[in-house]
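Architecture and fold: a report
Here is how the chains run, residue by residue.
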Amino acid sequence: MADGVQIVARRHGNPDARLRIFASHGNGFAIDGYLPFWRLLCPRYDVVVFDMRNHGRNPPAATSNHDYDHMARDMAEVHTQISARFGAKPSVGAFHSMSGRAAMKDAVETAWRWDALVLFDPPDIPPEGHALFDMMVKFEYRLADWAKSRPARFADPSEQEAEYANGRAARKWVAGAQGLMARSILRPDGDGWALRYPGEVEAETYIANIPMNLWPVASEFGGPVLLVGADPDVERPSPTATTNKAMAEEGGFDYVAIPRTGHMLQLEEPEACVRAMEDFLARHGLAA
């Protein structure tokens, strides 16, 4: 990246496909843990996956630069460098949560560089005074408190896997996803394992989402955007499910909610997420 941070991008799938799909992840996770979702794209697309700075396979970097301004610029840089190395072709961003917010910020504040964006349950925060503003602010602070208190070290990845298994948010993940994500967010460290991405930085990133003033309408983007939300009609919906539905209705976005899912919808219903994405791409002449 322009500030010297290294981001390790990996190319999977069909390099001869006419469409390239970029995929990245949410705060505190890693894109390898989303394999149940993006592996379904590999037979038909040229797939590039990458972790956001300080996450996953990337080397640790200065946390002073870990903010949405830098992450938005990273989106542009990754797109530019991949196009230069592997050749330009029609490209779609498939981004979850934090990476979706970074892509939104880049697209509406800097430049449109995609043929389409598919944003999976981004944690949209409406302007102050909106009926949902206080709910989302409380949600981000609750996540920040949790991140600051999470264990930094584990004897073995199975301990983190057990934490996922015992948590409400990860209980519905497809078989194997809890262990896969645990291995993806930890690194060997002496006689144990440590979080690759410090909990205190994760907490700061949740809070940093609040003042972004990013509640765009569809016309602010230079091309088609699909919001794929968690289910807002379940008994206890994720706050992000509620805000994505509201932003879609108020902003005129293409929108679909995946039934019976929470915020980690790509790990709960990966096939349904891919179908929603491909239906949208087909309407815009981009499907495989």
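The structure we're discussing is the one just above.
To start, this report covers the structure provided alongside it. (Residues numbered from 1 in each chain as written. Predicted model: local features only at pLDDT ≥ 70, side-chain atom pairs only at ≥ 80, totals over all residues. Heavy atoms only, no water.)

Re the nonpolar core
Counting residues in hydrophobic clusters, the biggest one holds 44 residues, and the most contacted among them are W38, V92, F120, W173, M181, M277 and L281. The element that contributes the greatest number of residues to this core is helix α10 (residues 270–283), accounting for 7 residues. Counting 32 residues, the second-largest nonpolar core is a separate cluster that includes V48, A102, A103 and A107. (Core = buried A, V, L, I, M, F, W, Y, C linked by side-chain atoms within 4.5 Å. Buried < 20%, exposed > 50% of the residue type's maximum accessible area, 1.4 Å probe, protein only. Helix = DSSP H or I, 4+ residues; strand = E, 2+ residues; numbered from the N terminus.)

So, the pattern of salt bridges
Inspection of the entire model under this criterion finds 19 salt bridges. With a shortest N-O distance of 2.9 Å, D46 and R11 are connected by a salt bridge. Within this pair, whereas D46 is found in strand β3 (residues 46–50), its partner R11 is found in strand β1 (residues 9–13), the two being separated by 35 residues in sequence. A relative accessible area of 0% places D46 in the buried class. A salt bridge links R53 to D74, with the nearest nitrogen and oxygen atoms 2.7 Å apart. With R53 in the loop between β3 and α2 (68–86) and D74 in helix α2, this residue pair connects regions lying 21 residues apart in the sequence. By relative accessible area, R53 is classed as buried at 1%. Using a relative accessible area of 3% as the deciding quantity, one classes D74 as buried. What you see here is one network of salt bridges that share partners, running through R10, D32, D51 and R57. (Salt bridge = Lys/Arg side-chain N within 4 Å of Asp/Glu carboxyl O.)

With respect to the packing of helix α4 (residues 133–149) against helix α7 (residues 199–208)
The relative placement of two packed helices comes down to the angle between their axes together with the axis-to-axis distance. One way to put it is that α4 packs onto α7 with a least axis distance of 8 Å and a crossing angle of 175°. Overall, the two elements α4 and α7 adopt an arrangement that is roughly antiparallel. The segment α4 lies against α7, with E140, Y141, L143, A144, W146, A147 and K148 engaging G199, E202, A203, Y206 and I207. Residues that form the contact of α4 with α7 fall into these classes: 8 nonpolar, 1 polar and 3 charged. (Axes fitted to C-alpha atoms, helices over the stretch in contact; angles between N-to-C directions. Parallel < 35°, antiparallel > 145°, perpendicular 65-115°, else oblique. Contact = heavy atoms within 4.5 Å. Nonpolar A, V, L, I, M, F, W, Y, C, P; charged D, E, K, R; others polar.)

What to know about the side chain of H55
With respect to the element layout, H55 can be found in the loop between β3 and α2. Look at H55 and you get buried, because its relative accessible area is 0%. Each residue touching H55, except ones within four places of it in the same chain, is listed here: H25, G26, N27, G28, F29, H66, M98 and Y197.

Some thoughts on the sheet that holds strand β5 (residues 116–120)
The sheet built from 7 strands is open, its strands ordered β1-β3-β2-β4-β5-β9-β10 with mixed pairing. Each edge of the open sheet carries a strand with a single partner, namely β1 and β10 (254–257). When the angles between neighbouring strand axes are averaged without regard to direction, this sheet yields 20°. The strands that helix α3 (residues 97–109) touches are β2 (20–24), β4 (91–96) and β5; relative to β4, the one it contacts most, it runs at about 130°. Helix-sheet contacts for α10 involve β2, β4, β5, β9 (225–229) and β10, and the interaxial angle to β5 is about 155°. (Pairing = 2+ DSSP bridges.)

Some points on the packing of aromatic side chains
Considering all chains together, one arrives at 8 aromatic pairs under this definition. Ring geometry for F37 versus F120: centroids 5.2 Å apart, planes at 70°, classification edge-to-face. Placement of the pair is F37 in helix α1 (residues 35–38) and F120 in strand β5, with a sequence separation of 83 residues. In terms of burial, F37 and F120 fall into one category: buried. Where F95 meets W114, the ring centres are 5.5 Å apart and the plane angle is 70°; that geometry is what we call edge-to-face. (Phe/Tyr/Trp six-rings, centres within 6.5 Å; stacked < 30°, edge-to-face > 60°.)

With respect to the pairing of β4
Across the 6 residues of β4, 6 count as buried, placing the element largely inside the fold. The alternating pattern of β4 places S91, G93 and F95 on one face and V92, A94 and H96 on the opposite face, and all of these are buried. As judged from the 5 bridges shared by β2 and β4, these two strands associate in the parallel manner. Paired with A23 across the two strands is A94, which belongs to β4. Note: β4 against β5, 5 bridges, orientation parallel. Across the sheet, the residue bridging to V92 is A116, located in β5.

A few points about the packing of α4 against helix α8 (residues 239–251)
As a packed pair, α4 and α8 sit with axes 10 Å apart at the nearest point and diverge in direction by 145°. Along this stretch, α4 crosses α8, giving a crossing that reads as left-handed. Seen from α4, the contacting residues are M135, M136 and F139; seen from α8, they are P239, T240, T242 and T243. (Left-handed = near helix turned anticlockwise from the far one by under 90°.)

Just distances and angles here, no functional claims.
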